[in-house]
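# Examining the three-dimensional arrangement
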Amino acid sequence: MERQALVARTTKETDIHVEFCVDGTGKSSVDTGIGFLNHMLEGFARHGFFDLSVSVKGDLEVDGHHTVEDCGIVLGQAIASALQEKEGIRRYGYFLLPMDDALVACAVDLCGRPYLNFSYDFPVLMIGDLDTQLIREFFYAVSYAAGMNLHIKVLDGINGHHIAEAMFKAFAKALDMATGFDQRVTGVLSTKGTL
């Protein structure tokens, strides 16, 4: 059973196509129109061993908000769709990722209940062509569209680029763990019998 999904979403603000494969090799093709977001999503795919294709046409003449938020929504929908009923998966994942001066912790619960715990103010307003306020918006959109509990904590760091990159990579590693199979799990890992 291949755990993959293709999700498309078109509004007056964005036109987005995402292909996501849980059991990939880390290959990616990403074009969001925002160079730094491309870099983050490529790192997410590579370090989570997900295959990812993202194509976005957004109203960047306004600003990056709709593009980044909607990209998070569609990626979250693709993750949820690819995981189907979540049978046999670990459900929980966590990772502590160092990147030079930055140290970021991420924990994921694929419980079906959306929640984001993210409280960090970047030391810079922009990283490349990405407004740093939109990083939280991206993770919020992913967590709610995927129905996951997502915690991201910055434990240390000075450089905004390093901190952001550590966030995306820590999320990738935590999600890879959570989506992995455990042969001891029959059905889903819940006393309720469903996730």
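Let us look at the structure shown here. Computed from a prediction, not measured in an experiment: that's the story for all the values here.

### With respect to helix H3 (residues 133-146)
- In a regular helix each residue adds 1.5 Å, so 14 residues correspond to 20 Å; H3 covers 21 Å between its end C-alpha atoms and thus fits that length.
- Along H3, the positions that sit buried rather than exposed are Leu134, Ile135, Phe138, Phe139, Ala141, Val142, Ser143 and Ala146.
- Residues of H3 that are buried sit in contact with helix H1 (35-48), helix H2 (65-83), strand S7 (115-118), strand S9 (130-131), strand S10 (149-156) and helix H4 (160-179).
- Gly147 lies just past H3 and shows a positive phi near 70°.

### Focus on the packing of aromatic side chains
- The tally for this structure, following the rule as stated, stands at ten aromatic pairs.
- Note on Phe20 and Phe50: the rings are 5.1 Å apart at their centroids and 45° apart in plane angle, and the pair reads as tilted. In this pair, Phe20 is assigned in strand S2 (residues 14-21) and Phe50 in the loop between H1 and strand S4 (51-58), connecting sequence segments 30 residues apart. Accessibility classification places Phe20 together with Phe50 in one group, the buried group.
- With 5.4 Å between their ring centres and 15° between their planes, Phe44 and Phe171 make a pair best called stacked. One end of the pair, Phe44, is in helix H1; the other, Phe171, is in helix H4, and 127 residues separate them in sequence.
- Residue classification places Phe44 among the buried positions, given a relative accessible area of 1%.
- Of the residues examined, Phe171 reaches a relative accessible area of 0% and is grouped as buried.

### Section: the pattern of salt bridges
- Here the structure, examined in full by the defined rule, presents five salt bridges.
- Across the pair Asp23 and Arg3 runs a salt bridge, and its minimum N-O distance is 2.6 Å. Placement of Asp23 in the loop between S2 and strand S3 (28-31) and of Arg3 in the segment before strand S1 (4-10) is noted, with a sequence separation of 20 residues between them.
- Of the residues examined, Asp23 reaches a relative accessible area of 43% and is grouped as partly exposed.
- Exposure remark for Arg3: the relative accessible area of 4% places this residue in the buried category.
- The residue Arg9 makes a salt bridge to Asp70 at a minimum N-O spacing of 3.2 Å. Placement of the pair is Arg9 in strand S1 and Asp70 in helix H2, with a sequence separation of 61 residues.

### Comments concerning the side chain of Thr132
- By the element assignment, Thr132 lies in the loop between S9 and H3.
- Given a relative accessible area of 7%, Thr132 falls into the buried group.
- Polar side-chain contacts of Thr132 include one of 2.8 Å to the backbone oxygen of Val124.

### Some thoughts on unusual backbone geometry
- Phi is positive for Phe49, close to 60°, though the residue is something other than glycine.
- Note that Phe49 resides in the loop between H1 and S4.
- Note on Phe49: relative accessible area 39%, which makes it partly exposed.

So, how was this worked out
Residues numbered from 1 in each chain as written. Predicted model: local features only at pLDDT ≥ 70, side-chain atom pairs only at ≥ 80, totals over all residues. Heavy atoms only, no water. Helix = DSSP H or I, 4+ residues; strand = E, 2+ residues; numbered from the N terminus. Expected span 1.5 Å × (residues − 1). Buried < 20%, exposed > 50% of the residue type's maximum accessible area, 1.4 Å probe, protein only. Contact = heavy atoms within 4.5 Å. Phe/Tyr/Trp six-rings, centres within 6.5 Å; stacked < 30°, edge-to-face > 60°. Salt bridge = Lys/Arg side-chain N within 4 Å of Asp/Glu carboxyl O. Polar contact = N/O pair within 3.5 Å; in protein donor to acceptor, adjacent residues only side chain to side chain.

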